[in-house]
Amino acid sequence: RRSRTGIELSVVDARRMEREPRRLRWYELRNGYKLLAGDPRLLAASARFEAKDIDPRDFADLVMGRGAGLILNDIVRAQGPLNGERRDLVLKNAARAVIAYGDALLFHQGAYHWSYLRRRARMTATSIKVTDEFRSLYEWAMNYRFHGDAISGARLMTVIENGEGRRAMSALHLELERLRFGGRPMV
């Protein structure tokens, strides 16, 4: 808690991992986590877990799960003024949703990477087809989520309160579904 570092602990059965479909969590586990106990060859041997091979349904699940936080935000906001923990919860949910939507877009455009730093840099690339409005949302969400940047948090809160954030994610949601089902990009 003092270092404000998140720790995630999972137990993974090597035999199960060999049979598992190519999932987002295995790709991120292979590349972005440290093995604390067990056979060190486990992650190295999982070369089949590459970003391009992830099942697109994983990103649909991610978007739906994080998007549900936006509905929770509506409930929290309806309960009265946002201050302290309630404001932090709304901002955390909004940032997580924006990042999930952006990550799904990066995946569908062949630019997803396990590193948040790389994904952030790739979102700023002009080759990524996305509106400038969403690009800004993604940057603010990353700044707030990983650095606690108060200015980005305030900007994010403004677009949550005025509905601009929801409109931007709504349009992107339709685009993501179109891409997931094999349609041509509209952006």
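This text goes with the structure placed above it.
Below: a short report on this structure.

The rules behind each value
Residues numbered from 1 in each chain as written. Predicted model: local features only at pLDDT ≥ 70, side-chain atom pairs only at ≥ 80, totals over all residues. Heavy atoms only, no water. Helix = DSSP H or I, 4+ residues; strand = E, 2+ residues; numbered from the N terminus. Buried < 20%, exposed > 50% of the residue type's maximum accessible area, 1.4 Å probe, protein only. Polar contact = N/O pair within 3.5 Å; in protein donor to acceptor, adjacent residues only side chain to side chain. Contact = heavy atoms within 4.5 Å. Phe/Tyr/Trp six-rings, centres within 6.5 Å; stacked < 30°, edge-to-face > 60°. Core = buried A, V, L, I, M, F, W, Y, C linked by side-chain atoms within 4.5 Å.

### Details of the environment of Ala 171
Alright, step 1. Relative to the elements of secondary structure, Ala 171 occurs in helix α9 (residues 164–180).
Alright, step 2. Look at Ala 171 and you get partly exposed, because its relative accessible area is 49%.
Alright, step 3. Separated by 40 residues in sequence, Ala 171 and Thr 131 place their C-alpha atoms 9.8 Å apart.

### What about the side chain of Ser 152?
Alright, step 1. Structurally, Ser 152 is set in helix α8 (residues 150–161).
Alright, step 2. A relative accessible area of 2% means that Ser 152 is categorised as buried.
Alright, step 3. Separated by 3.2 Å, the side chains of Ser 152 and Asn 143 make a polar contact.
Alright, step 4. Only 2.6 Å separates the side chain of Ser 152 from the side chain of Asp 149, close enough to count as a polar contact.
Alright, step 5. Discounting residues that sit within four places of it in the chain, Ser 152 has contacts with Trp 140, Asn 143 and Tyr 144.

### Considerations on the packing of aromatic side chains
Alright, step 1. Under the counting rule described, the total for this entry stands at four aromatic pairs.
Alright, step 2. On the numbers, 4.4 Å between centres and 20° between planes, the contact of Phe 59 with Phe 107 is stacked. Residue Phe 59 is found in helix α4 (residues 56–78), and its partner Phe 107 is found in helix α5 (residues 85–108); the two are separated by 48 residues along the sequence.
Alright, step 3. For Phe 107, a relative accessible area of 11% translates into the label buried.
Alright, step 4. Taking 6.3 Å as the distance between ring centres and 40° as the angle between the ring planes, the aromatic pair formed by Phe 134 and Tyr 138 counts as tilted. You can see Phe 134 and its partner Tyr 138 sitting in helix α7 (residues 132–147), four residues apart, about one turn around the helix.
Alright, step 5. Classification of Tyr 138 as buried rests on a relative accessible area of 1%.
Alright, step 6. What links up through ring pairs into an aromatic cluster is the set Phe 59, Phe 107 and Tyr 112.

### Description of the nonpolar core
Alright, step 1. By size, the foremost hydrophobic cluster in this structure holds 41 residues, and its most contacted members are Val 98, Leu 105, Met 123, Phe 134, Leu 137, Tyr 138 and Leu 156.
Alright, step 2. Counting residues per element, this core draws most heavily on α5, which supplies 13 residues.
Alright, step 3. Setting aside its immediate chain neighbours within four residues, Leu 105 contacts Met 123, Ile 128, Lys 129, Val 130, Leu 172, Leu 176 and Leu 179.

None of this, on its own, says anything about what the molecule does.
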